[in-house]
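So the chains spell out like this:
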Amino acid sequence: MSKIIDKKDVLHIADLARLQFSEKEAERFTDELNNILDYIHKLDELDTSDVEPTSHALDLSNVFREDEQKEQLNNEQVLKNAPDKEQGHFKVPRVIEN
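Small disclaimer: the values here were computed from a predicted structure and weren't measured.

Conventions used here
Residues numbered from 1 in each chain as written. Predicted model: local features only at pLDDT ≥ 70, side-chain atom pairs only at ≥ 80, totals over all residues. Heavy atoms only, no water. Helix = DSSP H or I, 4+ residues; strand = E, 2+ residues; numbered from the N terminus. Rg over C-alpha atoms; globule rule 2.2 N^0.38 Å. Buried < 20%, exposed > 50% of the residue type's maximum accessible area, 1.4 Å probe, protein only. Contact = heavy atoms within 4.5 Å. Axes fitted to C-alpha atoms, helices over the stretch in contact; angles between N-to-C directions. Parallel < 35°, antiparallel > 145°, perpendicular 65-115°, else oblique. Nonpolar A, V, L, I, M, F, W, Y, C, P; charged D, E, K, R; others polar. Phe/Tyr/Trp six-rings, centres within 6.5 Å; stacked < 30°, edge-to-face > 60°. Lys NZ or Arg CZ within 6 Å of the ring centre and 35° of its normal. Salt bridge = Lys/Arg side-chain N within 4 Å of Asp/Glu carboxyl O.

**Student:** Would you explain the overall build of the protein in this entry?
**Tutor:** Scanning the protein for helices and strands turns up three helices and two strands. The secondary structure elements of the protein, listed N-terminal to C-terminal, are α-α-α-β-β. Over its C-alpha atoms the protein spans a radius of gyration of 29 Å, topping by over 25% the 13 Å that the globule rule assigns to 98 residues. Structurally, the protein occupies a C-alpha span of about 70 × 50 × 20 Å along its principal axes. Put simply, the protein has 98 residues, and 9% of those count as buried. A separation of at least 24 residues holds for 44% of the contacts in the protein among residues at least 6 apart in sequence.

Okay, here's the thing in structure tokens:
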């Protein structure tokens, strides 16, 4: 395992994130981050020259229906099931106080 990140880097990143680590935690995170980066660098060994770039791992597409114009509801139909209404509008509790 090569050391890409040292404890000083971990403490600097922790400081930027306003985190505090003990010496033991800083050493543990240093080892863990280096293990992660070593694993990622294994991907450099793969020949991806014939692999087409993708934006998604699976070749999926959404199925959309065509827009259809339908008859609109009138104001009375819209407010039919409203728990409270006033002057042709939905009446709701006040949210903003003066």
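Don't stop here, the text continues.
**Student:** For this particular structure, what's the right way to read the packing of helix α1 (residues 7–16) against helix α2 (residues 23–41)?
**Tutor:** When two helices pack together, their arrangement is captured by the angle between the axes and the distance separating the axes. At a minimum axis separation of 9 Å, α1 and α2 run at an interaxial angle of 105°. Viewed along their axes, α1 and α2 adopt a mutual orientation that is roughly perpendicular. Contacts between α1 and α2 pair K7, V10 and L11 from the former with E23, A26, E27, F29, T30 and L33 from the latter. For the contact of α1 with α2, a count of residues per class yields five nonpolar, one polar and three charged.

**Student:** In this structure, what is going on with the packing of aromatic side chains? I would like to understand it.
**Tutor:** Aromatic ring pairs are described here by two measures, namely the spacing of the ring centres and the angle between the planes. Inspection of the entire model under this criterion finds one aromatic pair. Here the aromatic rings of F21 and F29 are separated by 4.7 Å at their centres, their planes lie at 40°, and the arrangement is tilted. The aromatic ring of F29 is capped on one face by R28, whose charged end is 4.8 Å from the ring centroid.

**Student:** I would appreciate a short explanation of the environment of N81 in the present structure.
**Tutor:** With respect to the helices and strands, N81 occurs in the loop between α3 (75–79) and β1 (85–86). N81 sits in the exposed class, given a relative accessible area of 68%. Each C-alpha atom, one on N81 and one on A17, is 50 Å from the other, the two residues being 64 residues apart in sequence.

**Student:** How should I be thinking about unusual backbone geometry in this particular structure?
**Tutor:** With the exception of glycine, most residues fall at negative phi, and the peptide bonds are largely trans. Positive phi is not limited to glycine here, since R18 has a value of about 55°. By secondary structure assignment, the location of R18 is in the loop between α1 and α2. A positive phi angle, near 50°, is found at Q87, a position not held by glycine. Assignment of secondary structure puts Q87 in the loop between β1 and β2 (89–90).

**Student:** Mind showing me how you'd approach the pattern of salt bridges here?
**Tutor:** Between side chains of opposite charge, pairing is possible as soon as their charged atoms come close. Under the counting rule described, the total for this entry stands at four salt bridges. Between K91 and E86 there is a salt bridge whose closest N-O contact spans 3.3 Å. On the accessibility criterion, K91 (42% relative accessible area) is partly exposed. Sharing partners across several salt bridges, the network here consists of K7, E23 and E27.

Treat this as a map of the structure, not an account of what it does.
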